[in-house]
Every structure is written in C-alpha cells, then in structure tokens.
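One letter stands for each residue in the lines below.
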Amino acid sequence: MEEHAVVIAGGGSTGLMLAGELALAGIDVAIVERRENQEIVGSRAGGLSARTLEVLDQRGIVGRFLAEGQIAQVTGFAVTRLDISDFPTRHNYGLALRQKHIERILAGWVGELPVAIYSGRGLTGFVQDDAGVSIDLSDGAQLRAGYLVGCDGGRSLVRKTAGIAFPGWDATTSNILAEAEMEEEPPLGVHRTALGMHAFGREDYEIRDGKVVFASEGPINVMVTERGAGATGEPTLDDLRQALIAACGTDYGIHGLKWISRFTDMSRQAEVYRKGRVFLAGDAAHVHSPVGGQGLNTGVQDAVNLGWKLAQVVKGISPEALLDSYHAERHPVAARVLRVTMAQVALQRSDDRTEALRDIVLELLGLEAARKKIAAEMSGLAIRYEFGEGHPLLGRRMPDLDLITPGGPTRVFTLLRNARPVLLNFGAAGSLDITPWSDRVPLVHASYAGPWELPGLGAVSAPSAVLVRPDGYVAWVGERTQDGLHEAMTSWFGTPRSKPESF
C-alpha cells in the first residue's frame, strides 16, 4: 500500500492547484485522476478572473497563461460588461482561455514538482480513522493518506462517501452545449429569445476591441436553452435539434455531432468543507450556473486557501484547529457566489417584468460606486476574510507593491513565490521582533512610497507593517506598534519553537 501525506481525488484545475501548493511546501502529495491525461471533451470554463491571475502571479507562473490567453475586459454581471481597467492591480482584466488549456498549463507546472499522479484510476471508496484515510482505487490498489481532499466535481464521490450534505436549489433552467457541423451558417454570437439565451461560435476566436470575432471555418459550438429543466441524463442530437427549432425556428441542418452535454442552474453547496481528515474543494464543494464565470476561479482559490494550512499541520507547525479556518473562510465566499450567480440567472429571463428589472439594474451599474463594488466582487478582488475589526487591509489580498529592500527592488508577489508567509516592516529596522518564529516567517524590511489602494475601496492609510499569509491575504496590520503581532503569528503560524525548524 502506497502512503502519502495528502491524496487529492481529481486532477482538474482545483486538484492541480492544490497539489502544486502542497508540493511547494515540501509535502508528499498524490493525485488520483480517472482520466489518462488532461484532455477535456466539451466546453467548460472559459477564462480566469483578475484575482486568480494574481494568485498565479504569486507563484510565478502567470506568464504561462498570459502567453496563451487573450486579455480583455470580460468581467461582468448578467448581461453587463464591467470595466476594471482602472483597478489598482497589475491584472486589471480577465483572461479568455478555455479550461482545457488552463488545465494543461497547470499540469505542466505540477509536472515540474514532486507530485505522484495515479492516472487512469478513480477513487471508489475510502475509510477514515484517527490516524489517516485508507483509499480504494478502481484498479484494486489501495492508498493510505493522512488527509484526503475531494476535488472530484459536482457529483463528488468523496462528498457522498463522507456523508456531507449538499443542500441548495434545484434547476429552473437547462441548456444544451454541443459542437457539430451545420449545413447553414447560424448567426454567430449571443442571442435572447422568449425561450431564453442561445449562442453560436467556433473553437477559435479573437477578441478585437472588446468584441469576440470567431473563425470563419470549422465546426459550430452551440448553446441553447431547453423548454424545461427536468431532463436527466445525456442529451441527444434529436434533443438539440428540437431545442434549436423551438428557439430559432430551424436546426440549421445540424449534423456530425462531436460532443454534447447539458448544464443547468442548479445551485448547491456542501454543508461543511471538512469532515475529520476529509476536505472538499472546487465543484465538489459548490456548484452553480456558469453565468459569470466564477466556478473554476473559486475552486482554484479554495486550493490556495487550503494548501498552506494543510502543509503546516502535516509538518506539525500548526495544530489541527487551523484546518477549521478553511471552512470558516471559504464557505461564505462560495455562498455569496451562489447568490450572485442565481441573481444573474434571474436577470437573463426574457419576460416583460424581468426586462424591466434588467433595465433598472443596468442603470444602477452605470453608477461609479455600483460598478466598482460589483466589478470588484465579480473579479475576486473584493474578497475579505473576517479577522475582526482593524485596518481595511486586514483579511484582504495584499497589493503587489513595488518594494525597495536591502537586497534590492522586488515585488510583494515575488516574495510569495515559494508559498511562504512574509512579514513586511515599513518602519524602522528593529521595531518588530518575531525571533521565535524566524524559522518559518521571513522578516523583510522594505520601503514603499506610492499610494495604498484597494479595488472597490480606493485609498487606505499606509501601514507600518503587514503580515502576509502564503495565500496572499493580510493576517495582521501594524499601525506604528506591534500590538497583536505575536497573537497573529501564533494563530496562523503556530506556537514558537525553541529550536528552529525549516518550513
């Protein structure tokens, strides 16, 4: 029986990101993935939000994604595009990039790290005890792990086997997605009819002046709303034909089906993200309509929140109680994503009353304050974890400032490359003392002369020091004193040790 500190069920974007985070921290981690490779059949997520790009930048790999995607102002709410080009971040845009490419690039990064991958095999069951988790694989093999993380999608076997409830809302709309040949060229782009939304496009496209320009040749990608939301199982070509005729009056001579699938606006969230030694992340923890494009991004950020905490507990740096903060921080984030997504679905309905409501919402989003607030939320830049009262930075993502340090100029995100925390002291040298934690939290003396700004909030007062967690969120802010610093260090990075131990 092979043994690992952490086993991840599912090698999609969430599982890959989590594996990378753990490997950077020196943890023995393995992925169990039923697919033989990262190939994805069908259309799933289509891009990365500004905050996810920041997360990838924190690990030094964002350039790999920018080289293959298309930068554009793609943040939006329902049918409204929200410009974030004036936001104080290096990534004040979204990146159009299909999920199959996102996963391929992440897999390439993980392949450079010490991660064991059991491909072509799925998890079939597990039993946890006080010391770990025994995991059964589809080929009859067994694994033993200290912790198991279910990143195995909306139908998560890990979630079901763990007995974690998945409450929420049933589907009210259903859509068919497909790629096929058409005898007649359909009107490319997104359209709304009395039956709902439908769209036509092609795999290859360019974004020019904010508009999508599709290739002139090749199979057609189709998205069309079905009459009802009660269908189960995989749709057929005939189902697609009927839906097209109902929405468009013709099926455009559709044939040569390459793939077909169905998605709905079902919205559910795991009641708890942790049960003993078992955790959930990504779609295993939350599912919703793809409207707004927040699913993959929320999953990647789940992984970055959980990774460093698991690493510290595995290494004995922090107590098990630290792991409870994963649910406490990430569950409210996804709960809000579900609510915002359901609101967008509601605004896409095509009856006269919804049209009237949509007009009012569009009018409101034209106001600067509303645009900044909703755009910051949709881009992931407004996330704030509840760490109590204090400076506006507390619990929010740390801006990627250009710093001057004794070692030369650097960026905040560069200091986070190895998934380690950092304490930035902008005050006098020697004004902060973290000697008992010096083996696990670097202290960097820095200066920064520019403005301190937060997306959606604007300018904030300059702190004298900032404690930044490995996920890039601010755990403590100094305002000319070190009050509360040792408490924050103990809470997030463990009881100080008498003997230094490498992190």
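You'll find the structure just up there.
For the structure given in this document, a descriptive report is provided here. (Residues numbered from 1 in each chain as written. Predicted model: local features only at pLDDT ≥ 70, side-chain atom pairs only at ≥ 80, totals over all residues. Heavy atoms only, no water.)

1. Notes on the sheet that holds strand 3 (residues 47-48)
Part 1 of the reasoning: Read from one edge of the open sheet, three strands run 3-7-4, paired in antiparallel fashion. Strands with a single pairing partner mark the edges of an open sheet, and in this sheet they are strand 3 and strand 4 (70-72).
Part 2 of the reasoning: Judged from the three bridges that link them, strand 4 and strand 7 (residues 94-96) form a sheet pairing that is antiparallel. If you follow Ile-71 over to strand 7, its bridge partner there is Leu-95. (Pairing = 2+ DSSP bridges. Helix = DSSP H or I, 4+ residues; strand = E, 2+ residues; numbered from the N terminus.)

2. Quick look at the layout of surface pockets
Part 1 of the reasoning: Taken as a whole, the second largest pocket holds about 610 Å³ of empty space.
Part 2 of the reasoning: Lining the second largest pocket are 31 residues, and of these Arg-336, Glu-377, Ala-382, Ile-383 and Arg-384 sit closest to its centre.
Part 3 of the reasoning: Sort the elements by how many residues they give to the lining of the second largest pocket and helix 8 (residues 324-347) lands first, with seven residues. (1 Å grid on protein atoms, 1.4 Å probe; cavity = no way out; pocket = protein on both sides within 12 Å on 5 of 7 lines; lining within 4 Å. Points joined across faces, edges and corners; volume = space filled by probe spheres on them.)

3. What to know about the side chain of Ser-156
Part 1 of the reasoning: Here Ser-156 lies in the loop between strand 11 (142-150) and helix 5 (157-162).
Part 2 of the reasoning: According to the relative accessible area criterion, Ser-156 is buried, its value standing at 0%.
Part 3 of the reasoning: One polar contact links Ser-156 to Asp-152, side chain to side chain, over a distance of 2.6 Å. (Buried < 20%, exposed > 50% of the residue type's maximum accessible area, 1.4 Å probe, protein only. Polar contact = N/O pair within 3.5 Å; in protein donor to acceptor, adjacent residues only side chain to side chain.)

4. Observations concerning a nonpolar patch on the surface
Part 1 of the reasoning: Judged by side-chain polarity, Ile-360, Leu-364 and Leu-367 come together as a nonpolar surface patch covering roughly 290 Å² of accessible area.
Part 2 of the reasoning: Of note, Leu-364 is situated in helix 9 (residues 352-365). (Patch = residues over 30% accessible without salt bridge, like charges linked within 9 Å, V, L, I, M, F, W, Y side chains within 5 Å. Areas by Shrake-Rupley, 256 points an atom, 1.4 Å probe, with all protein chains shown as cover. Salt bridge = Lys/Arg side-chain N within 4 Å of Asp/Glu carboxyl O.)

5. A few points about the packing of helix 7 (residues 295-314) against helix 8
Part 1 of the reasoning: Between helix 7 and helix 8, whose axes approach to 10 Å, the crossing angle comes to 170°. Comparing their axes, helix 8 and helix 7 come out roughly antiparallel. Contacts between helix 7 and helix 8 involve Thr-298, Gln-301, Asp-302, Asn-305, Leu-306 and Lys-309 on the former and, on the latter, Ser-325, Tyr-326, Glu-329, Arg-330 and Val-337.
Part 2 of the reasoning: In the contact of helix 7 with helix 8, the residues fall into three nonpolar, four polar and four charged. (Axes fitted to C-alpha atoms, helices over the stretch in contact; angles between N-to-C directions. Parallel < 35°, antiparallel > 145°, perpendicular 65-115°, else oblique. Contact = heavy atoms within 4.5 Å. Nonpolar A, V, L, I, M, F, W, Y, C, P; charged D, E, K, R; others polar.)

6. Notes on helix 4 (residues 99-110)
Part 1 of the reasoning: If you check helix 4, its first and last C-alpha atoms are 16 Å apart, about what 12 residues at 1.5 Å a residue would give, namely 16 Å.
Part 2 of the reasoning: Restricting attention to buried positions, one finds in helix 4 the residues Gln-99, Ile-102, Glu-103, Ile-105, Leu-106, Trp-109 and Val-110. Down the axis of helix 4, the buried side of the element spans an arc of 165°, and every buried residue falls inside it.
Part 3 of the reasoning: As for helix 4, its buried residues are in contact with helix 1 (13-24), strand 3, helix 2 (50-58), helix 3 (62-66), strand 8 (115-119) and helix 7. (Expected span 1.5 Å × (residues − 1). Arc of directions from axis to C-beta.)

7. Observations concerning the pairing of strand 1 (residues 2-9)
Part 1 of the reasoning: Most of strand 1 is tucked away: six of the eight residues are buried.
Part 2 of the reasoning: Pairing analysis gives seven bridges linking strand 1 to strand 11, with the strands arranged parallel. Bridging from a neighbouring strand, Ala-9 pairs with Gly-150 of strand 11.
Part 3 of the reasoning: Traced from strand 1 through helix 1 to strand 2 (residues 29-33), the parallel crossover comes out right-handed. (Right-handed = clockwise from strand over helix to strand, strands pointing away.)

8. Some details on the packing of aromatic side chains
Part 1 of the reasoning: Scanning the entire structure with this criterion turns up 12 aromatic pairs.
Part 2 of the reasoning: Ring geometry for Tyr-147 against Phe-279: centres 6.2 Å apart, planes inclined by 55°, an arrangement best described as tilted. Within this pair, whereas Tyr-147 is found in strand 11, its partner Phe-279 is found in strand 22 (residues 278-280), the two being separated by 132 residues in sequence.
Part 3 of the reasoning: Ring geometry for Tyr-385 against Phe-387: centres 6.3 Å apart, planes inclined by 40°, an arrangement best described as tilted.
Part 4 of the reasoning: For Tyr-385, a relative accessible area of 2% gives the class buried.
Part 5 of the reasoning: Put simply, the rings of Trp-308, Tyr-385, Phe-387, Tyr-473, Trp-492 and Phe-493 pair up and form one aromatic cluster.
Part 6 of the reasoning: Sitting above the plane of the Tyr-147 ring, Arg-277 keeps its charged end 4.9 Å from the centroid. (Phe/Tyr/Trp six-rings, centres within 6.5 Å; stacked < 30°, edge-to-face > 60°. Lys NZ or Arg CZ within 6 Å of the ring centre and 35° of its normal.)

9. A word on the packing of helix 2 against helix 7
Describing two packed helices takes the angle between their axes plus the distance from one axis to the other.
Part 1 of the reasoning: Contact geometry for helix 2 and helix 7: axes closest at 9 Å, N-to-C directions at 35°. Classified by chirality, the crossing of helix 7 by helix 2 is left-handed. Of the residues in helix 7, those touching helix 2 at Arg-51, Thr-52 and Val-55 are Asn-297, Val-300, Gln-301 and Val-304.
Part 2 of the reasoning: In the contact of helix 2 with helix 7, the residues fall into three nonpolar, three polar and one charged. (Left-handed = near helix turned anticlockwise from the far one by under 90°.)

10. Digging into the pairing of strand 26 (residues 422-425)
Part 1 of the reasoning: Judged by which residues are buried, strand 26 turns out to be covered on both faces: Val-422 and Leu-424 on one side and Leu-423 and Asn-425 on the other are all buried.
Part 2 of the reasoning: Direction of pairing for strand 26 relative to strand 30 (residues 465-468): antiparallel, over a ladder of four bridges. Paired with Val-422 across the strands is Val-468, a residue of strand 30.
Part 3 of the reasoning: The sheet contact formed by strand 26 and strand 27 (residues 443-445) spans three bridges and is parallel.

11. Notes on the side chain of Asn-305
Part 1 of the reasoning: Mapped onto the secondary structure, Asn-305 falls in helix 7.
Part 2 of the reasoning: Residue classification places Asn-305 among the buried residues on the basis of a relative accessible area of 1%.
Part 3 of the reasoning: Excluding its chain neighbours within four sequence positions, the residues that come into contact with Asn-305 are Tyr-326, Glu-329, Arg-330, Tyr-385, Arg-469 and Asp-471.

12. Some details on the nonpolar core
Here is a general trend for soluble globular proteins: nonpolar side chains tend to be buried in one another's company.
Part 1 of the reasoning: Formed by 86 residues in total, the largest nonpolar core has its most connected members in Val-6, Phe-65, Ile-135 and Leu-148.
Part 2 of the reasoning: Ranked by the residues each element gives to this core, the list is headed by helix 7, at nine residues.
Part 3 of the reasoning: For Leu-148, the contacting residues outside a window of four places in its chain are Val-7, Ala-9, Leu-123, Phe-126, Val-133, Ile-135, Val-158, Arg-277, Val-278 and Phe-279.
Part 4 of the reasoning: Residues Val-422, Leu-424, Leu-454 and Val-460 belong to the second largest nonpolar core, which totals 20 residues. (Core = buried A, V, L, I, M, F, W, Y, C linked by side-chain atoms within 4.5 Å.)

So yeah, pure geometry; function would need other evidence.
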